[in-house]
2 protein chains.
Amino acid sequence: MTFGEIAQRRLHEIAACSQAGDGVTRLPFTPEHRAALDQIRGWMEAAGLQVHMDAAATLIGRYAGPEGSKTLLIGSHQDSVPGGGRYDGIMGIALACLALEKIRRDGHAPACSVEVLAFADEEGVRFPTALLGPRVLAGTFDAAALALPDRDGVTLGAALAGFGGDPARLEALRRDPSDVLGYLEVHIEQGPVLERRGAAVGVVTGICGIERNAIRFAGETGHAGTVPMADRRDALVAASRFIAAVSEQAGQTNSIRATVGSISVHPDAVNAIPDRADFPLEVRSVSDQARQGFTEEMRALGNRIAGDAGLSFEMTRTYVQPAVSCDPELSAALVAAVEQGGAAAVTLPSGATHDASAMSDLCPIAMLFLRCRGGLSHHPDEYASAADMGAALDALVHVLMSSGPGQ
Amino acid sequence: MTFGEIAQRRLHEIAACSQAGDGVTRLPFTPEHRAALDQIRGWMEAAGLQVHMDAAATLIGRYAGPEGSKTLLIGSHQDSVPGGGRYDGIMGIALACLALEKIRRDGHAPACSVEVLAFADEEGVRFPTALLGPRVLAGTFDAAALALPDRDGVTLGAALAGFGGDPARLEALRRDPSDVLGYLEVHIEQGPVLERRGAAVGVVTGICGIERNAIRFAGETGHAGTVPMADRRDALVAASRFIAAVSEQAGQTNSIRATVGSISVHPDAVNAIPDRADFPLEVRSVSDQARQGFTEEMRALGNRIAGDAGLSFEMTRTYVQPAVSCDPELSAALVAAVEQGGAAAVTLPSGATHDASAMSDLCPIAMLFLRCRGGLSHHPDEYASAADMGAALDALVHVLMSSGPGQ
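## Re the environment of B:Asp121
All names here are of chain B.
- Within the secondary structure layout, Asp121 lies in the loop between β4 (113-119) and α4 (132-138).
- Given a relative accessible area of 3%, Asp121 falls into the buried group.
- Note: C-alpha distance between Asp121 and Ala56 (65 residues apart in sequence) is 9.8 Å.
- In this structure, Asp121 is in contact with Pro28, Asp79, Thr129, Ala130, Leu131 and Leu132, ignoring residues within four places of it in sequence.

So this is what it looks like as structure tokens:
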């Protein structure tokens, strides 16, 4: 049995740590979380790691490297979305454990200290917050979040304490950046790029910044039968021109992903000209500058379209999250490891947020993406092949054995 | 006091026949309807008409012209939408009565027999049907509609009988087309055309045919962050291209009014690419041929937009109502009457349905539109001026006195 096949079997087994229903539903600080940590502890012990759970309920398996060596952190999250898949998050933990197990079986040793981190909550499904584990390590966790309740009224602090964590000791978990080499995360791509390029794995260039804008075109309503076309100030027609142009202009860049995922019109009747069209515009880019430039272009475009048709245009930023760059040196080590296989490594941005986003406040980060079938994620049919997981594992082993990560 | 001012006063008075609340709310077969008919009876009697209510609750005031003369019908509806205005429908009845009153006061007489018709229910608000009165006269009323209930479970038949009508005698009301010269209706425009052209009145060329189509673009959903623009099959982007193009192409015709008044997308999340966009397309034209031609062009356009982007496109006709032409001879008499004032008569289509639509199954029809402020209708602020009503009244008098209507 190959290591990729072992990974596949382990991910199949741990998928049973789930609430009933289609797919995997494993929320933080639940019996399912507990059962999953029991299995992960087994994976860590099989790799010869020293295991403990920290006060934030992150399960940590440590390999102590040469005296005085810094520590390379490798991790991802144990939790899933409701009805999610078998790979999102948990695969990164499984492959990190197996890479260390393989190194040990082969009679080798990593070039530095290594810790595998199984974070409790990345998806933010149970509580209206997320990324507790990495934020605590980076010292960016806001203790006010401990008072946030789940839908049953149980606070994050109470759930954490009930699970064996310790809200009072979170601050003490903050790591000293000078002891940490960096943070590596292996994750399924959750998109179609690697599959379409025929690559098992790809190295992430950065994690996209995100901004959301609330947009309103406002014109004048009227009877669909009695107002001639030339006399209309139709908010949906203006919004349509805008949405089509946003898509076209984003498509002419390499760096922008722009999406309108929702729209509503008023008065919303088959025979009434819309006087309002409201929709969110989400823009993502690994370059904050490119994102801001694009958004400003779109604002000018919206004003132009509205002005031409005698409408008003409002665009209000409702959310912004800056991009996170992956560390050039750590990423170069991943690229070198991938290119062991011969072909040039594919590089791609991450459009989604990961534990690595929060870890970037502590240390250099890098990410390796795995091809997933059909780009599908957050779905019971989410799938990565044993062969692709084997390729990712080989790359991890190469990085751990090399002097790549800054030793 | 001018006749226009008398009309204004009468419309002010009859507006009190309304349910409580903003604007006029007068539904058929209600105490408000009864109170309104009492006032209309007074208007008819002041014009020297013989008054009776028929079995369909249409109040009819008859002037018997020269022995053997055919009858010119003039009418509109007494009912309103909820929270409607003081002019829609009822103004046509008031002006017809006043025109005959003026002719009588001036010591003249119409050139033919004339009946003023105050129909019970044109708006179709209380029951899921409408146009009882004119359909009965034309012989197109479907008796099955008598069983349709209002929201309190009272059927149309029961409401009519309770009001003094007679469901069993509706068939007997059918008119012999050879006895009828035609049907004239004066109505507020309910649109902005006359106001923008600076005309008090306009002659209607025809009543638009209407079709509605249910449209769906279907593509593929995906995460707004992880799917590059070039790999998307975004249903809302395709729908936006389509909606913008429909508006543009309708604007290049003189004859088409095309409207998308509503839209929904799936899965309808800020960070999910829409895989479905559903919306209705309503197309109106006085030319059924132009309407059908336009709709087929839009179908081809939708297929092209969908095909270019790898989506599917469905367009299903859900409703169709053919256009009604106004009678050239009767309309020419209206044009001649309007042009008495000196300026060339404005002609325009009716985008909305009227009692005249149903009367066209019985006899030639013609309509005179009045300018209404801001094109506003179905609203408490609906307004037509006394001067404009005076101009319409003068035109009616001219038609009634002339040999215009086919005598």
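## Focus: the state of the cysteines
- Enumeration according to the criterion identifies zero disulfides over all chains in this entry.
- With no disulfide partner, A:Cys372 has as its closest neighbouring cysteine sulfur the one in A:Cys208, 16 Å distant.
- Taking relative accessible area as the criterion, A:Cys372 reaches 0% and is therefore assigned buried.
- Counting only cysteine sulfurs, B:Cys326 is the nearest neighbor of B:Cys208, a cysteine outside any disulfide, at a range of 10 Å.

## Comments concerning unusual backbone geometry
- Cis peptide bonds are those with omega within 30 degrees of zero, and the linkage from A:His266 to A:Pro267 qualifies with 5°.
- By secondary structure assignment, the location of A:Pro267 is in the loop between β10 (264-266) and β11 (272-273).
- In this structure, A:Gln190 takes a positive phi of about 65° despite not being glycine.
- Note that A:Gln190 resides in the loop between β5 (180-188) and α6 (193-197).
- By relative accessible area, which is 10% here, A:Gln190 ends up buried.
- Here the phi dihedral of B:His378 falls at roughly 55°; this positive angle occurs in a residue that is not glycine.
- Residue position: B:His378 is located in the loop between β16 (365-370) and α11 (386-401).

## Remarks on the interface of chain A and chain B
- Contacts between the two partners involve 46 residues from chain A and, on the opposite side, 46 residues from chain B.
- Summed over both sides, the interface between chain A and chain B buries roughly 3,900 Å², with carbon and sulfur atoms accounting for 59% of that surface.
- Of all residues in chain A, A:Thr226, A:Met229 and A:Val270 give up the largest surface area on contact with chain B, accounting jointly for 16% of the area buried on that side.
- Here chain A and chain B share two salt bridges between them.
- A:Asp231 is paired through a salt bridge with B:Arg196; the nearest N and O atoms lie 2.8 Å apart.
- Here chain A is connected to chain B by 14 residue pairs in polar contact (both at pLDDT 80 or more).

## What to know about α11(B)
- Over its 16 residues, α11(B) runs 22 Å from end to end, which matches the ideal 22 Å to within 8%, given 1.5 Å per residue.
- Listed as buried for α11(B) are B:Ala386, B:Asp388, B:Met389, B:Gly390, B:Ala392, B:Leu393, B:Ala395, B:Leu396, B:Val397, B:Val399 and B:Leu400.

## What to know about the pairing of strand β6 (residues 201-207) of chain A
All names here are of chain A.
- Here β6 lies mainly inside the structure; six of its seven residues are buried.
- In the sheet, β6 pairs with strand β16 (residues 365-370) via three bridges, with the strands oriented antiparallel. Pairing of Val203 across the sheet is with Leu368, part of β16.
- Note that β6 and strand β15 (residues 346-350) share four bridges and pair parallel.

Criteria and cut-off values
- Residues numbered from 1 in each chain as written.
- Chains lettered and ligands numbered in written order.
- Predicted model: local features only at pLDDT ≥ 70, side-chain atom pairs only at ≥ 80, totals over all residues.
- Heavy atoms only, no water.
- Helix = DSSP H or I, 4+ residues; strand = E, 2+ residues; numbered from the N terminus.
- Buried < 20%, exposed > 50% of the residue type's maximum accessible area, 1.4 Å probe, protein only.
- Contact = heavy atoms within 4.5 Å.
- Disulfide = S-S within 2.5 Å.
- Buried area = accessible area lost by both parts, 1.4 Å probe.
- Salt bridge = Lys/Arg side-chain N within 4 Å of Asp/Glu carboxyl O.
- Polar contact = N/O pair within 3.5 Å; in protein donor to acceptor, adjacent residues only side chain to side chain.
- Expected span 1.5 Å × (residues − 1).
- Pairing = 2+ DSSP bridges.

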